[in-house]
Amino acid sequence: MSNTSASPSYDAVVVGAGFAGLYMLHKLRQLGLRARLYEAGDGVGGTWFWNRYPGARCDVESMQYSYSFDEALQQEWQWSERYPAQREILSYINHVADRFALRPDIQLETRVLSADFEEAHARWRVRTDQGDEVTAQFFISAAGCLSAARTPDMAGLDDFAGLRLHTSAWPQEGVDLRGKRVGVIGTGSSGIQTIPQLAQQAGQLVVFQRTPNFSIPAWNRPLPEQEQQAWKQNYQAHRERARNSRSGILYDYAQRATFEVDEAERQAEYERRWRKGGANFNHCFNDIFVNAKSNELAAEFVREKIRAIVTDPEAAERLSPKGYALGTKRLCVDTDYYATFNLPHVQLHDLQAAPIERFTATGLQTASGDYALDAVVFATGFDAVTGAIERMEIRGRQQRLLKDKWAAGPRAYLGLMVADYPNFFMVTGPGSPSILTNVIVSIEQHVEWIAELLAHMRAQQQQLVEAQTEPEDRWVRHVAQVAEGTLFTTTNSWYMGANVPGKPRVFLPYGGGFHIYAALCREEVAAGYPHFTFSPGTPA
Ligand code: NAP
């Protein structure tokens, strides 16, 4: 691991100080490696640093949405609610950074611009927007699946003189929207969480909805000490069971198919799930993602709930998702979302009936009328999974830009490594279960797998590792085939890259289940990494 130039030299450069980057850094240090972690924000936390919009909350329950790698850590941290709020998760992740003394190796307010694999000395040269230029043996992206925010191109946007906000770049000091005329564009998970909160402040709230979403109540509540202690007594066993499940989450996974039970039992099961709350609803019957008729019954149950909650029948109809399968756009989890539309100062504007034509200095114009607004909140999502990776100029062998290699869709073996990009790793990359799971479970599995590989290389005195092309091709085909067997590919969602104009229409995560994926990763190790090529020194 020699220094090949005047540039500072590290064993590893890590991008991103979210859950993935922090744990990666911790493991690298445990291996005795010198690592530098670059983070664009001025604090650690990743997603939970940026997404501070009112109402931001995780939809995985607190007792599961945390690291499992350290028993003392999971025993000592106290959660206050069933679902953790952004602020609490941010405190937790700051606690982790301090507890494991990670900060000295983290450089904040620094965005990685490029990483070039220099074949002559088999090292990565990494450049940042702060003028850093360093080399490293390993380059590891922990840049996040939902971190490259999108604001759609809209005519006249720069003319708008009011406040322009994005849910994923909410000002740290907060925003006072009391009494203001506020517009929200977007009704995905972020929009659905923030709309009820904004309605509490705004004088007038207009929700600009293009596609209605399915949302299940969170029934969030305080988490009593007793309940936490009971969980903590068996923490390792709970974690193990989660790791052996398809989502890495302890849901109540149904063993029965929709039509194995009669209508009364079906409705009772939907109702039971609705009352329990959360994304558990997705697992009411085991055929919901593969059988359109089964899915439609569950979807109609949710529409009935919307009709029962929203008092204006016309608004209820507009809020009721139709034409795509429940869960194929990520199921939302809310607090009082549908009921918010019963408030007299909240208005729903249907963009399918009357699209936005342009922004003006004082608001926006739609095909059916104008709105005067003091503030516009974009809850318009992300260039998911590949966006943050592609925004860095990553060049592998022959200086080939990763973005070019991925022009027809991302290619990676197990979502971890890319052929012709030696010593480059992705945590929760495309083709891994990542966004279909409790992402912390996926992160821990990836980070531990990478760390084990680095230890193996050291033991074998290998300097370079890269995925082979043929296994990568096979894996990409397998990921697509698994997706083709589900309803996911029938919907225009960010899972399919469909929310970004020009992005290839490819199902981005591996849908075969976390437990199956993790077993495949273990098999790779047990077999001695047959689908990777190792090399002991610099290539000729
Ligand atoms: P999203 O799910 O992609 O939703 C974006 C919304 O903006 C959609 O309603 C979309 O409409 C709309 N939109 C996009 N471009 C538009 C345009 N040009 N004109 C009008 N509307 C437009 O993004 P998100 O809500 O930020 O959520 C992304 C993901 O982050 C979630 O699915 C989830 O995985 C994660 N997340 C999780 C939580 C949680 O744990 N509770 C909270 C927030 C986010 P169309 O559907 O028509 O494209």
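Preceding this paragraph is the structure being described.
Residues numbered from 1 in each chain as written. Predicted model: local features only at pLDDT ≥ 70, side-chain atom pairs only at ≥ 80, totals over all residues. Heavy atoms only, no water.

### Describing the overall build of the chain
Within the chain, the regular secondary structure consists of 16 helices and 20 strands. By the compact-globule yardstick of 24 Å for 540 residues, the chain fits well, its C-alpha radius of gyration being 24 Å. Over its C-alpha atoms, taken along the principal directions, the chain stretches across nearly 70 × 55 × 45 Å. Classification of the 540 residues of the chain by burial places 58% in the buried group. When the accessible surface of the chain is summed, it comes to about 21,700 Å², and 49% of that surface belongs to carbon and sulfur atoms. Counting 54 positive and 62 negative side-chain charges, the chain places the centres of these two groups 1 Å from one another. (Helix = DSSP H or I, 4+ residues; strand = E, 2+ residues; numbered from the N terminus. Rg over C-alpha atoms; globule rule 2.2 N^0.38 Å. Buried < 20%, exposed > 50% of the residue type's maximum accessible area, 1.4 Å probe, protein only. Areas by Shrake-Rupley, 256 points an atom, 1.4 Å probe, with all protein chains shown as cover. Lys, Arg positive; Asp, Glu negative; His and termini not counted. Charge placed at Lys NZ, Arg CZ, Asp CG, Glu CD.)

### Section: the packing of aromatic side chains
This model, assessed by the stated rule, comprises 43 aromatic pairs. The interplanar angle of 75° and the centroid separation of 5.6 Å between the aromatic rings of Phe19 and Tyr65 together place this pair among those described as edge-to-face. Of this pair, Phe19 sits in helix 1 (residues 19-30) while Tyr65 sits in the loop between helix 2 (47-50) and helix 3 (71-76), placing them 46 residues apart in sequence. Taking 5.3 Å as the distance between ring centres and 70° as the angle between the ring planes, the aromatic pair formed by Trp77 and Tyr92 counts as edge-to-face. (Phe/Tyr/Trp six-rings, centres within 6.5 Å; stacked < 30°, edge-to-face > 60°.)

### Some details on the pattern of salt bridges
Should their charged atoms come close, side chains of opposite charge can pair. Counted by the stated rule, this structure contains 39 salt bridges. In this structure, the salt-bridge partner of Arg330 is Asp59, at a minimum N-O distance of 3.0 Å. With Arg330 in the loop between helix 10 (313-319) and strand 11 (332-334) and Asp59 in the loop between helix 2 and helix 3, this residue pair connects regions lying 271 residues apart in the sequence. On the basis of relative accessibility, which here comes to 28%, the residue Arg330 falls in the partly exposed class. Here Glu300 makes a salt bridge to Arg307, at a shortest N to O gap of 2.8 Å. One network of salt bridges, with partners in common, ties together Glu296, Glu300, Arg303, Glu304, Arg307, Glu317 and Lys322. (Salt bridge = Lys/Arg side-chain N within 4 Å of Asp/Glu carboxyl O.)

### Remarks on the sheet that holds strand 13 (residues 356-360)
Reading across the sheet, the three strands line up as 13-14-15 and stay open at both edges, with antiparallel pairing between neighbours. Single-partner strands in this sheet number two, and they are strand 13 and strand 15 (369-372). Averaged over all adjacent pairs, the angle separating strand axes in this sheet is 20°, with direction ignored. As defined by bridge partners, strand 14 (residues 363-366) adjoins strand 15 across four bridges and the pair is classed as antiparallel. Counterpart to Thr366 in the pairing with strand 15 is Gly369. (Pairing = 2+ DSSP bridges. Axes fitted to C-alpha atoms, helices over the stretch in contact; angles between N-to-C directions.)

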